[in-house]
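# Results of the structural survey
Now for the letters of each chain:
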Amino acid sequence: MFILNLILKLGSWGQRRLSAIGRATIMLFYSLVGRPQFRKNFPQLIRQIYVVGVQSISIIVVSGLFIGMVLGLQGFHVLVDFMAEGALGQMVALAIIRELGPVVTALLFAGRAGSALTAEIGLKKATEQLLSMEMMAVDPLRRVIAPRFWAGVISLPLLTIIFTLVGIFGGKLVGVDWLGVDDGIFWSGMQSSIDFWDDLMMCAIKSVVFAITVIWIALFNGYDLVPTSVGISKATTNTVVQSSLAVLGLDFVLTAVMF
Amino acid sequence: MNNLVEIKDLSFSYGKRIIYENVSLEIPKGKITAFMGPSGTGKTTMLRLIGGQLVPDAGSVMFDGINVHKLSRPDLYSLRRRMSMLFQSGALFTDLNVFDNVAYPIREHTKLPEEVIRDMVLMKLEAVGLRGAAGLMPHELSGGMARRAALARSIALDPELIMYDEPFTGQDPITMAVLLRLIKTLNRTLGLTSVVVTHDVSEILTIADYAYILAGTKVVAGGTPEELKKSEDPRVRQFIKGEYDGPVPFNYPTEVSYLKDL
Amino acid sequence: MKFSKIEFTVGCFIVAAIICGVLLALKVAGLTFDFKNDCYTVHGYFDNVGSLKLRSPVKIGGVVVGRVSNIYVDPEKLVPVVEMEIQRKYNMLSSESKASILTAGLIGEQYIGITPGFYDEDMGTTYLKDGDRINDTGSAIVLEDLIGKFLYSVNKSDSSSESSSSGSGDAENVQ
């Protein structure tokens with residue numbers, strides 16, 4: 001009896017999840033498919049890049065710097081035991097470019113911009129702004145969801161690039177300027193082990209995939225929420241939790257597939 | 001009689017909760033029609049059914065001879081340009097000021113130069129008496145002003161049908177009188193068809209040409225204000241006079257009797 | 001057109017990110033913009049390519065002159081073939097040059113080292129051109145083979161120094 005109940009619950013949970021995925025796909029389809037309206041959407045796009053991208057720069061730069069510095073410090077203490085400080089540049093760059101850059105940026109982005117987007121769209125829904133747009137014969141999917149989606153897909157890879165570079169310079173700051181690893185060896189060791197196509201492009205592909213995932217989850221949670229204050233706070237939490245888990249899971253899958 | 005909207009045998013339910021069963025009614029062109037009824041009978045739902053935002057379980061909604069729910073998505077959006085709706089909260093865009101809010105539908109649907117748009121917006125704002133508030137943000141407006149600004153936005157593109165969703169709720173008597181006069185003058189001067197959903201019976205009956213009373217999934221009565229006032233139907237009398245006791249139930253329906261529940 | 005702060009900062013953001021990307025490519029990945037048409041392709045047959053990879057460097061005396069562009073097995077002879085692109089400015093390589101697969105350090109990456117050969121028109125040698133083949137090749141050192149040979153030669157005689165040199169030079173020319 002208990003087991004039967006469990007199976008029933010699992011079934012209905014799965015059904016709800018699946019229908020949510022279906023609704024999310026429909027939402028994305030209607031917002032992106034169709035005649036593009038550059039003239040009207042472009043100012044919105046710029047505005048949204050400002051909101052989700054430019055306003056996230058400070059947190060990205062600061063965390064990138066500190067993560068790079070910590071990597072430099074930790075790496076130095078491990079490598080110095082093997083007399084291999086020369087490999088510090090290589091280690092810092094590989095760690096940041098392959099994993100930390102795309103993943104940490106996506107996680108920070110989900111917390112900083114994703115949750116804000118969910119709350120904003122949820123509030124627009126709760127105050128009937130989306131409905132009134134529909135009644136004005138303006139499709140909120142095309143006018144509200146689509147520019148935010150593109151802004152996120154453009155912003156996150158750019159933020160990842162900034163994060164990666166700042167992180168590597170953070171590692172250099174600690175390793176070279178503070179702990180005394182030779183400058184030339186630091187950079188050349190890095191250059192010999194990092195390949196433009198294998199590493200930097202993988203980093204870019206990862207961050208684009210993460211961008212689509214995070215922004216899609218954030219927008220759907222906002223668009224689909226129950227328009228009450230509890231609903232908005234729940235949806236905001238869901239955005240952060242779901243997109244973090246999705247990013248970490250996808251990171252494993254992408255790493256397994258690509259390397 | 002010339003009807004702009006005709007609703008035939010409409011049924012609608014939210015999950016298991018039935019809102020409408022076989023409802024039929026007409027909205028005459030160029031007149032003010034009022035939907036009245038107790039809270040929770042889905043009067044707003046009716047407006048959203050007419051606007052095509054909700055799909056009925058059965059029956060049809062004809063707007064000027066077009067079945068609203070048989071349209072494709074793009075056709076529905078172009079049909080919606082002919083109607084507009086004033087939401088209960090006003091639903092102004094919080095990130096735009098009053099001027100841009102009113103200009104929004106014009107900018108969306110026309111390619112007029114900015115000077116023409118400016119003149120149009122100022123005319124609409126003047127019509128609702130808010131020309132001086134053009135630069136304010138929505139959160140700086142009082143409730144009544146927000147509703148008037150939203151009204152200016154609703155009439156920005158001169159629609160054929162305008163639906164007011166509870167325009168008087170929570171307004172002081174002066175604002176209410178202002179809104180009543182606005183609805184009436186807009187209706188006469190612009191020649192548009194108005195639908196007003198409200199439970200402020202005595203106020204709306206002063207301006208409405210025709211009124212329906214909706215209660216418990218059905219249209220209870222319909223007619224001109226005079227007819228309704230003279231009606232012998234106890235449910236109509238109860239609602240129009242605002243009596244607490246009568247055939248229209250006050251309690252939310254339940255299957256278990258009160259005695260048993262205790 | 002009024003000056004918009006938002007547009008300006010978004011522009012700054014995108015330009016900054018592009019600069020960061022270029023810096024990453026140049027400084028971190030050491031990307032150099034060498035174009036295909038600046039190179040000519042030669043190939044060589046090897047017994048064993050070891051762990052040579054695509055885009056591994058081709059060096060003369062430690063200086064990079066090109067990159068490995070393709071590795072495959074000749075379908076008829078069933079012998080590994082390595083194609084390498086060499087920059088066109090190094091066009092004075094004799095067809096008698098030797099290409100061997102070497103290892104940078106004890107556990108480093110493998111690369112192709114080219115030892116330039118002599119050039120004498122009377123002997124019939126030419127300069128390497130696009131599509132030519134390097135006949136003299138040296139295969140990758142497989143550690144197990146090396147140890148096997150070393151043990152064998154120790155048993156045979158005491159000249160271990162000769163055995164190690166023959167270990168690296170045992171590549172037969174595949175005709």
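Residues numbered from 1 in each chain as written. Chains lettered and ligands numbered in written order. Predicted model: local features only at pLDDT ≥ 70, side-chain atom pairs only at ≥ 80, totals over all residues. Heavy atoms only, no water.

A few words now on a nonpolar patch on the surface. Taken together, Ile141(C), Leu143(C), Leu146(C), Ile147(C), Phe150(C), Leu151(C) and Val154(C) make up a surface patch of nonpolar side chains, about 620 Å² in accessible area. Assignment of secondary structure puts Leu151(C) in helix H2 (residues 143-156). (Patch = residues over 30% accessible without salt bridge, like charges linked within 9 Å, V, L, I, M, F, W, Y side chains within 5 Å. Areas by Shrake-Rupley, 256 points an atom, 1.4 Å probe, with all protein chains shown as cover. Salt bridge = Lys/Arg side-chain N within 4 Å of Asp/Glu carboxyl O. Helix = DSSP H or I, 4+ residues; strand = E, 2+ residues; numbered from the N terminus.)

Residues and elements named next belong to chain C. As summarised here, the arrangement of the eight strands in space is S7-S1-S4-S3-S2-S6-S5-S8, forming an open sheet in which the pairing is mixed. Since the sheet does not close on itself, it has two edges, and those belong to strand S7 (133-134) and strand S8 (136-138), each with one partner. Pairing of strand S1 (residues 39-45) with strand S4 (residues 80-87), which is carried by seven bridges, proceeds in the antiparallel orientation. Residue Tyr45 lies in a different strand from S4, and its bridge partner there is Val81. (Pairing = 2+ DSSP bridges.)

What follows concerns the interface of chain A and chain C. As a measure of interface size, the accessible area lost when the parts come together is often cited. Between chain A and chain C, the contact holds 25 residues from the first and 20 residues from the second. With both chains or domains summed, chain A and chain C bury close to 2,000 Å², and 85% of this area falls on carbon and sulfur atoms. Between the two partners, chain A and chain C, sit zero salt bridges. Going through the elements one at a time, helix H2 (38-53), helix H4 (88-126), helix H6 (140-178), helix H7 (183-193) and helix H8 (196-224) of chain A are the ones with two or more residues in the side of chain A that touches chain C. Counting residues per element, the side of chain A that touches chain C draws most heavily on H6(A), at eight residues. Split by residue class, the side of chain A that touches chain C holds 19 nonpolar, four polar and two charged. (Contact = heavy atoms within 4.5 Å. Buried area = accessible area lost by both parts, 1.4 Å probe. Nonpolar A, V, L, I, M, F, W, Y, C, P; charged D, E, K, R; others polar.)

Before going further, it helps to spend a moment on the packing of H4(A) against helix H9 (residues 229-258) of chain A. Residues and elements named next belong to chain A. For the pair H4 and H9, the least separation of the axes is 9 Å and the interaxial angle reads 150°. Judged by the inter-axis angle, H4 sits roughly antiparallel to H9. With respect to the hand of their crossing, H4 and H9 are arranged in right-handed fashion. Among the residues forming the contact of H4 with H9, the class breakdown is 12 nonpolar, 10 polar and two charged. (Axes fitted to C-alpha atoms, helices over the stretch in contact; angles between N-to-C directions. Parallel < 35°, antiparallel > 145°, perpendicular 65-115°, else oblique. Left-handed = near helix turned anticlockwise from the far one by under 90°.)

Let us now look at the pattern of salt bridges. All names here are of chain A. For the coordinates displayed, the defined rule picks out 19 salt bridges over all chains. The closest approach of N and O atoms between Glu99 and Lys206, which form a salt bridge, is 3.0 Å. Here Glu99 is found in helix H4, whereas its partner Lys206 is found in helix H8, with 107 residues between them in sequence. You can call Lys206 buried: its relative accessible area is 1%. Residue Lys172 is joined to Asp177 by a salt bridge in which the shortest nitrogen-to-oxygen separation is 3.7 Å. Taking the relative accessible area as the measure of exposure, Lys172 reaches 17% and is therefore buried. Via salt bridges that share partners, Glu99, Lys206 and Asp251 belong to a single interconnected network. (Buried < 20%, exposed > 50% of the residue type's maximum accessible area, 1.4 Å probe, protein only.)

Not every positive phi belongs to a glycine, and Glu128(A) is a case in point at roughly 65°. Secondary-structure assignment places Glu128(A) in the loop between H4 and helix H5 (129-135). Even without being a glycine, Asn22(B) presents a positive backbone phi close to 50°. In this structure, Asn22(B) sits in strand S2 (residues 17-28). The class for Asn22(B) is exposed, based on a relative accessible area of 54%.

Residue and element names in this part refer to chain B. Mapped onto the elements of the fold, Asn67 is located in strand S5 (residues 66-67). Given the relative accessible area of 17%, Asn67 is considered buried. Those residues within four positions of Asn67 in sequence are excluded, and the remaining contacts are Ser60, Val61 and Met62. A polar contact is formed between the side chain of Asn67 and the backbone nitrogen of His69, at a distance of 3.1 Å. (Polar contact = N/O pair within 3.5 Å; in protein donor to acceptor, adjacent residues only side chain to side chain.)

Residues and elements named next belong to chain B. With 14 residues, helix H4 (residues 114-127) extends 20 Å from end C-alpha to end C-alpha; this agrees with the ideal 20 Å at 1.5 Å per step. Three or more residues of H4 are buried, namely Ile117, Val121, Leu122, Lys124 and Leu125. Relative to the axis of H4, the buried residues are bounded by an arc of 160° and lie together on one face. Away from its buried face, by an angle of more than 90 degrees, H4 presents the exposed residues Glu115 and Met123. Residues of H4 that are buried make contact with helix H3 (98-109) and helix H5 (143-154). (Expected span 1.5 Å × (residues − 1). Arc of directions from axis to C-beta.)

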